[in-house]
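The primary structure of each chain is shown beneath.
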Amino acid sequence: MEIIASKWSMVTLFALTDGPLRHGELVELSGGISRKVLTQTLRRLQANGLVERHAYAEAPPRVEYSLTDLGRTLEEPIRMLTAWARENGEAVVTFREAAEATSSVEGDRATSAQRPG
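The shown structure was predicted, so the numbers you read here are calculated from the model rather than taken from an experiment.

## Here's the deal with the pattern of salt bridges
Okay, step 1: Taken as a whole and judged by the stated rule, the model has four salt bridges.
Okay, step 2: Note that R62 is salt-bridged to E64, the shortest N-O span being 3.1 Å.
Okay, step 3: Linking E75 and R79 is a salt bridge whose minimum nitrogen-to-oxygen distance equals 3.9 Å. With E75 and R79 both in helix α6 (residues 75–114) and four residues apart, this pair spans about one turn of that helix.
Okay, step 4: According to the relative accessible area criterion, E75 is buried, its value standing at 15%.
Okay, step 5: By relative accessible area, R79 is classed as partly exposed at 34%.

In structure tokens form, the structure reads like this:
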């Protein structure tokens, strides 16, 4: 779970479900990952047999990343989690905002209750 549970692992695996991509393409699709973190993520996924790196003998050099057969077994669970996030993301944000507002009001009450009056 630790390997795939990180935010960037899931984003990277999801991006690769449609086929091989180059490093720069993954950076663009990920929406905010740094090149360094992407490289670390790809290495971790590769070391665990979920992603493969293919370097082409061309000038300039070209490297693509793709899912392995083992990595492909995660496609359906990732699609399901993505669909859940799309369907429920707004409800999660609404809940979080309401909880923060309640916490803020309770904090204000506690502060004013502690003040000598």
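## Regarding the packing of helix α2 (residues 7–15) against helix α4 (residues 35–47)
Okay, step 1: Two elements in contact, α2 and α4, have axes separated by 10 Å at closest approach and are oriented at 75°. By the angle class used here, α2 and α4 are roughly perpendicular. Residue-level contacts link W8, S9, T12 and L13 of α2 to V37, L38, T41, L42, R44 and L45 of α4.
Okay, step 2: Of the residues that constitute the contact of α2 with α4, the class distribution is six nonpolar, three polar and one charged.

How each quantity is defined
Starting afresh in each chain, residues are numbered from 1 along the sequence in its written order. With pLDDT at 70 or above as the cut-off, local features in this predicted model cover only qualifying residues; side-chain atom pairs require 80 or more to be listed or tallied, and sums for whole chains, interfaces and linings still use all residues. Calculated side-chain values reflect all of the structure's heavy atoms, with hydrogen atoms and water omitted. A pair is scored as a salt bridge if a Lys or Arg side-chain nitrogen falls within 4 Å of a carboxyl oxygen belonging to Asp or Glu. To qualify as a helix, a DSSP run of H or I must reach at least 4 residues; to qualify as a strand, a run of E must reach at least 2; elements of each kind are numbered from the N terminus. Using a 1.4 Å probe on the protein chains alone, a residue whose accessible area is under 20% of its type maximum counts as buried, one over 50% counts as exposed, and one in between counts as partly exposed. For helices, the fitted line uses only the C-alpha atoms of the stretch in contact; every axis is such a line through C-alpha atoms, and the angle between N-to-C directions lies from 0 to 180 degrees. Oblique is the label for every angle not falling under 35 degrees (roughly parallel), over 145 degrees (roughly antiparallel), or within 65 to 115 degrees (roughly perpendicular). The contact definition used throughout considers only heavy atoms, calling two residues in contact when any of these lie within 4.5 Å. As a working rule, the residues Ala, Val, Leu, Ile, Met, Phe, Trp, Tyr, Cys and Pro are called nonpolar, Asp, Glu, Lys and Arg charged, and the rest polar, with Gly in that last group.

Honestly, that's just the spatial picture; any functional story needs more than this.
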